[in-house]
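Reading the structure
Each chain is listed here by its residues.
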Amino acid sequence: MFYREAGQFKTSYKADQAVFPIFQDRVFVAIWLLIGFVVVPMLANEYVFRAIFIPVIIMALAAIGLNLLVGYCGQVSLGSGAFMAVGAYAAYNFMIRIPELNPLICFLLGGLSATVVGVIFGIPSLRIKGFYLAVATLALQFFTDWTFSRIDWFTNYTPSGSIAVQPVAVWGFIFDSPIRKYFLCLTVLLIFTIIAKNLVRGRIGRAWMATRDMDVAAEIIGIRPIYAKLSAFAVSSFFIGVAGALWAFVHLGSWEPLAFDINLSFSILFMVIIGGLGSIVGGMLGATFITLLPLFLNQLPIWLGINMSTAMVSHLEYMIFGALIIFFLAVEPLGLARIWQITKEKLRLWPFPH
Amino acid sequence: MKYGLLLRALLFSVPLVMIGCGQDEVGSNSSSSTETTDSASNADGIIVNVSDSNAQFIPVLSYRTGPYAPNGMPVANGFTEYLKVINARDGGINGVKISFEECETGYATARSIECYERLKGKGPTGASVFNPMSTGATFAITEKAPVDKIPLITMGYGRSESRNGGVFPWNFPIYGTYWTAADVLITHLGNINGGLDNLKGKKIALVYHDSPFGKEPIPLLEKRASMHNFELLKLPVTHPGVEQKSAWINIRKEQPDYVLLWGWGVMNSTAIKEATGVRYPRDQIYGIWWAGAEPDVRPAAADAIGYQAVSMISSGQAQVHKDILSYLYDAGLGSGEREGVGEVLYNVGLLNAALVVESIRTAQSKYGEKPLTGEQVRWGIENLNISEQDIQDLGLSGYMYPVNLSCSDHEGKRAARLHRWNGESWEYSTDWISADDAVLQPMVKSASDTYAKEAGLDASACDS
């Protein structure tokens with residue numbers, strides 16, 4: 001009933017190629033944008049901005065980036081934390097070494113640096129596949145961990161290896177309050193989502209998907225694997241690099257190499273897997289799930305008025321979180337995005353299923 | 001329906017796991033369950049609700065899980081029990097009850113920030129003062145605290161240059177920074193070698209936790225190395241520190257004259273075991289104060305005998321410990337085991353809480369006896385002046401030291417003793433050793449000036 005597209009005729013190529021061909025989808029996206037840009041800023045308090053929305057948005061950007069590589073191009077990567085680190089440290093170095101540069105340009109340059117690193121470390125993907133590639137990207141993770149904690153130049157010789165940055169200021173406008181940071185992150189996410197959505201619908205995205213589904217067949221129909229794979233690495237690491245710069249500058253404000261360790265790589269990969277491989281909305285859902293659920297579980301006993309030691313709460317948090325991950329993967333191995341899709345299909349028939 | 005069974009199995013298993021975990025908790029840490037059951041009857045006036053509008057709220061960042069839990073737990077117990085005993089014995093600070101809420105950080109910086117954001121606005125006047133209990137978190141919160149106007153007490157950790165209150169008005173590394181601790185250790189090594197000049201040609205290895213915490217002493221040690229011509233070997237150990245074979249193989253190869261251990265959590269006990277493994281004499285290993293407590297040496301048992309560490313405070317019991325036992329433990333309100341009261345890290349947490357309470361008391365003398373804001377408490381910390389008589393009145397004789405802070409000096413005390421593990425307990429092995437401020441002061445000045453320049457701050461706030 002809700003998702004019935006009957007009567008919606010596509011009378012032009014433009015209509016046929018629209019991002020959201022169904023009217024209800026367009027309304028739905030408009031509602032979400034309205035919630036994101038208007039309702040949330042009116043309702044949320046500082047804690048919700050700083051601890052929930054800002055990290056979720058930045059992680060969603062990283063997860064979308066990784067999804068382009070893993071979900072669309074089929075190249076498993078465990079190096080997302082490393083790409084985020086490259087983005088963050090590169091943006092930092094551009095900012096302190098060329099102070100005249102606009103911080104937003106620095107973020108993009110950080111992303112571009114991650115792109116360069118991504119392409120270099122993507123080269124092995126031409127020869128190795130699957131789990132073996134994951135192990136190869138793991139090397140990148142350890143390499144960047146080492147680089148940023150051992151080569152003092154990258155941290156501008158700060159004695160403790162911890163970097164502190166001032167709030168981002170663009171043309172005299174300072175992104176210091178949580179609501180400003182929120183708008184900055186949300187806008188960046190929106191722009192990058194539009195880019196990602198259009199990339200995967202076009203020639204490049206189709207080349208990625210063909211490579212993912214069967215690389216030999218893709219090669220036969222005229223897709224150059226070197227081009228497809230390396231472009232996926234490039235675009236993906238650019239996204240993740242920008243997310244890393246935002247994570248460092250907007251969310252953390254002060255960070256050490258440990259902030260971008262292997263755990264971060266794992267959690268971004270989990271976001272992609274739980275959210276749904278090969279789906280843009282999946283990246284967002286996965287990021288929300290992995291970032292929010294532990295916080296929610298951690299605070300639940302206090303809300304319910306259960307007096308429990310913090311250690312106990314913490315143990316429970318890990319157990320329930322793990323159980324829920326298994327539960328969701330058992331119920332729907334294709335991720336939250338697939339659950340969302342099924343819901344839409346059900347809504348289409350509702351209230352009269354076959 | 002396909003998943004109905006699975007769902008039911010999960011629903012069954014969760015409470016089962018909870019029960020299992022609960023039992024385990026009773027066995028290892030008798031606190032939590034007693035707290036939940038008895039709190040309604042016994043805890044009146046001791047555990048105050050955070051929403052109480054007449055109570056002073058103190059946020060507690062703690063870690064009772066993860067690789068740092070063996071050390072984080074006694075610190076958190078000491079801290080919270082001192083707050084509870086102030087409520088129980090004195091009826092609060094000048095009648096203003098203390099409320100507190102713990103937040104589990106797992107010693108992770110990102111989670112610490114989340115906890116900071118979660119707790120900073122609670123209570124009638126917001127958080128009065130934060131004790132991040134982690135150097136990495138201190139770096140991150142240092143950027144946020146001035147905006148929120150909440151002071152940080154980082155007792156024995158944090159940024160070493162933050163003792164300069166002109167640049168860091170909200171940071172208070174009371175009772176010593178890592179530079180102070182490192183300088184005390186080098187001075188001690190000079191003493192036992194008959195003068196600092198005799199360190200020439202010696203080899204000193206620093207085995208450090210590869211994080212801001214572990215890296216913090218390096219600038220000072222490098223400066224001392226160039227002053228006295230000793231060789232400094234830097235051996236990083238990755239978080240969490242259970243894997244440090246390569247560092248100790250290096251030590252076996254290089255045979256340094258002394259090893260300085262800058263570790264925390266499981267890293268410390270692992271280090272002592274590794275030292276035993278490569279037969280490095282334990283009496284040539286010196287720990288930072290975070291590497292000189294019972295959980296660090298107990299797993300290594302007799303192998304740790306002779307190991308020394310610089311100490312902010314050692315183990316033992318003062319009058320206040322007896323109060324804690326009688327007011328809290330006898331009433332079933334203790335957070336840990338009875339034997340834990342008076343251990344080194346318990347006392348560290350206790351001392352930390354005592355500083356917080358005295359700061360609030362000092363602030364009350366100016367702003368009145370009511371719940372105070374972070375900004376008012378900051379004044380209290382900066383004007384903290386604790387005399388020997390005050391300490392005696394608090395029941396902390398020998399377990400707290402006179403301290404007098406000022407705008408330009410947020411550290412207050414630049415001396416420490418060393419204590420040695422004798423297989424049973426820690427006992428002081430030296431008298432007070434002062435750090436050489438002629439070495440420290442220029443470093444603090446230059447580091448804080450750099451920070452002020454980067455952050456666009458005025459570095460001369462103390463001059464007025």
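The shown structure was predicted, so the numbers you read here are calculated from the model rather than taken from an experiment.

It is worth spelling out unusual backbone geometry at this point. Residue and element names in this part refer to chain B. Note the cis peptide between His239 and Pro240, where omega equals 0°. Following the sequence through the fold, Pro240 ends up in the loop between β6 (231-237) and α9 (245-254). Phi angles above zero are rare outside glycine, and Lys149 is one such case at about 55°. Examined against the element boundaries, Lys149 turns out to sit in the loop between α5 (135-148) and β3 (152-153). Phi is positive for Tyr175, close to 65°, though the residue is something other than glycine. Looking at the element boundaries, Tyr175 is found in the loop between β4 (171-172) and α6 (178-192).

Turning to the nonpolar core, a few remarks are in order. Formed by 237 residues in total, the largest nonpolar core has its most connected members in Leu61(A), Ala88(A), Ala91(A), Leu246(A) and Val207(B). Among the domains, domain 2 (43-176 + 318-414) and domain 3 (178-311) of chain B are the pair contributing at least three residues each to this core. Sequence-distant contacts of Leu61(A), defined by excluding residues within four places in its chain, comprise Val188(A), Leu189(A), Phe192(A), Phe239(A), Val242(A) and Ala243(A).

Turning our attention to the domain arrangement of chain B. Residues and elements named next belong to chain B. As far as domains go, chain B holds domain 1 (1-38), domain 2 (43-176 + 318-414) and domain 3 (178-311). Look at where the C-alpha atoms of domain 2 and domain 3 centre, and you get two points 29 Å apart. The partner domain 3 presents 17 residues to the 16 residues of domain 2 that form the contact. Elements supplying a minimum of two residues to the side of domain 2 that touches domain 3: α3 (69-90), α5 and α13 (344-367). Tallied by class, residues from the side of domain 2 that touches domain 3 come to 7 nonpolar, 6 polar and 3 charged.

Before going further, it helps to spend a moment on the interface of chain A and chain B. Counting residues at the interface gives 33 residues for chain A, matched by 40 residues for chain B. Of all the secondary structure elements, the ones that give two or more residues to the side of chain A that touches chain B are α3 (46-72) and α13 (310-331) of chain A. Per element, the largest residue contribution to the side of chain A that touches chain B is 13 residues, and it comes from α13(A).

Thresholds, definitions, all that
Residues numbered from 1 in each chain as written. Chains lettered and ligands numbered in written order. Predicted model: local features only at pLDDT ≥ 70, side-chain atom pairs only at ≥ 80, totals over all residues. Helix = DSSP H or I, 4+ residues; strand = E, 2+ residues; numbered from the N terminus. Core = buried A, V, L, I, M, F, W, Y, C linked by C-beta atoms within 7 Å. Buried ≥ 20, exposed ≤ 12 C-beta atoms within 10 Å, placed from the backbone. Domains from an automatic or database assignment. Contact = placed C-beta atoms within 7 Å. Nonpolar A, V, L, I, M, F, W, Y, C, P; charged D, E, K, R; others polar.

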